[in-house]
Amino acid sequence: NTPILQDSITADLKQVVFVFTTMWGVKGVVKLIRDYKGTQHIPWKALEGDIRDSVDSNLERDIAMSFDGVAPFFPMEKKGLKSWLQVEMERLSQDNAEDGLWKRLEVTSQVLDLLVTPDFIDYADLTSKNKDFSYSFSNFGVKELQNGPFKRLRSHVTQCFVEKRSQHVAKVTLGDDGRTVVSDWCTAIENSQEFECEQACRHKTLI
């Protein structure tokens, strides 16, 4: 979950070496999140400077000086995890649409919201000293989501929508109990905003 910059550039990265670490700058990032009550209003210069100082203090001077820049990563919040899920579902939809399995796959926002709840994801909380602010983030990031709820949902989708129906929409919605996934083959009703649906497979309980 990276900071959002106003301007972007295109660069040739063929001669670039990236060094990824989860250790340097953690304390500084945590302090800034507390000070600014979240990630949205942290000044880029403050964030970059804090990480740069941590890099410099953990490496020999000549090595540290060879680093041209740093790119801080924030902890993954619930909205970041949901965004990752949306991207993966869109990729799954497009890949299978090209193979003629379906017209498209639609997974409702309610299903994705369920998959990023504490029932599936281990969250930690940062609070300010006077307890007027709390920042919740995933302890294990996308990895926990990828190996757990996303894997279960993808497995259900691939086992449920087997028959090729290139003109049908594969719809995955949340049942009335808030725990069960309902999967249907749907087609648009002519001259209408409505869909006509039929059950694709047995309902699946994710929790």
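Rules used in this analysis
Residues numbered from 1 in each chain as written. Predicted model: local features only at pLDDT ≥ 70, side-chain atom pairs only at ≥ 80, totals over all residues. Heavy atoms only, no water. Disulfide = S-S within 2.5 Å. Helix = DSSP H or I, 4+ residues; strand = E, 2+ residues; numbered from the N terminus. Axes fitted to C-alpha atoms, helices over the stretch in contact; angles between N-to-C directions. Parallel < 35°, antiparallel > 145°, perpendicular 65-115°, else oblique. Left-handed = near helix turned anticlockwise from the far one by under 90°. Contact = heavy atoms within 4.5 Å. 1 Å grid on protein atoms, 1.4 Å probe; cavity = no way out; pocket = protein on both sides within 12 Å on 5 of 7 lines; lining within 4 Å. Points joined across faces, edges and corners; volume = space filled by probe spheres on them. Nonpolar A, V, L, I, M, F, W, Y, C, P; charged D, E, K, R; others polar. Pairing = 2+ DSSP bridges. Patch = residues over 30% accessible without salt bridge, like charges linked within 9 Å, V, L, I, M, F, W, Y side chains within 5 Å. Areas by Shrake-Rupley, 256 points an atom, 1.4 Å probe, with all protein chains shown as cover. Salt bridge = Lys/Arg side-chain N within 4 Å of Asp/Glu carboxyl O. Buried < 20%, exposed > 50% of the residue type's maximum accessible area, 1.4 Å probe, protein only. Arc of directions from axis to C-beta. Core = buried A, V, L, I, M, F, W, Y, C linked by side-chain atoms within 4.5 Å.

Comments concerning the state of the cysteines
With the rule as written, the count across this model stands at two disulfides. Each sulfur of the disulfide joining C160 and C201 lies 2.0 Å from the other. When the S-S torsion is -105°, as for the bridge of C160 with C201, the disulfide is left-handed. Linking C160 in helix α7 (residues 149-160) with C201 in the loop between β6 (195-199) and β7 (204-205), this pair joins segments that are 41 residues apart in sequence. The connectivity of the disulfides in the chain is 1-4, 2-3, where the numbers refer to bonded cysteines in sequence order.

Side note on the packing of helix α1 (residues 26-35) against helix α2 (residues 44-58)
Running from N to C, α1 and α2 point in directions that differ by 155°, and their axes come no closer than 8 Å. For the element pair α1 / α2, the angle class is roughly antiparallel. Relative to α2, α1 is oriented so that their crossing is right-handed. Along its contact with α1, which presents G28, V29 and L32, the element α2 presents A46, L47, D50 and I51.

A few points about the layout of surface pockets
Put simply, the largest pocket is a space of about 1,200 Å³. In this structure, the largest pocket is lined by 34 residues; those nearest its centre are F20, T21, A71, P72 and F73. Contributing elements (two or more residues each) for the lining of the largest pocket: α1, α2 and β3 (134-138). In terms of residues, the lining of the largest pocket owes the most to one element, α1, which gives four residues. Split by residue class, the lining of the largest pocket holds 23 nonpolar, ten polar and one charged.

Considerations on unusual backbone geometry
Within the chain, K37 stands out as a residue other than glycine whose phi angle is a positive 55°. Along the chain, K37 turns up in the loop between α1 and α2.

Describing the pairing of strand β4 (residues 165-174)
When strand β1 (residues 102-107) meets β4, the two strands line up parallel, connected through five bridges. Bridge pairing links L105 to A170 in β4. Connecting the antiparallel pair β4 and strand β5 (residues 180-188) is a turn made up of five residues, with G178 showing a positive phi of about 75°.

Section: a nonpolar patch on the surface
Taken together, the side chains of L13, V16, F18, F20 and F73 define a hydrophobic patch exposed on the protein surface, amounting to about 570 Å² of accessible area. Here V16 lies in the segment before α1.

Details of α1
Among all positions of α1, only G28, V29, L32 and I33 are buried. An end-on view of α1 places all buried positions within 135° of arc, on one side of the element. For α1, the exposed residues lying more than 90 degrees away from the buried face are K27 and K31. Looking at the buried side of α1, the elements it contacts are α2, β2 (123-127) and β3. Directly beyond the C-terminal end of α1, a positive phi value near 55° is found at K37.

Observations regarding the nonpolar core
L105 and V172 are the most contacted members of the largest nonpolar core, which has 30 residues in total. If you list the elements that add at least two residues to this core, you get α4 (78-98), β1, α5 (109-115), α7, β4 and β5. With five residues, the top contributor of residues to this core is α4. Apart from the residues lying within four places of it in its own chain, the contact partners of L105 are M89, L92, S93, V157, A170 and V172. Listed in part, the 14 residues of the second largest apolar core include V70, F133, Y135 and F137.

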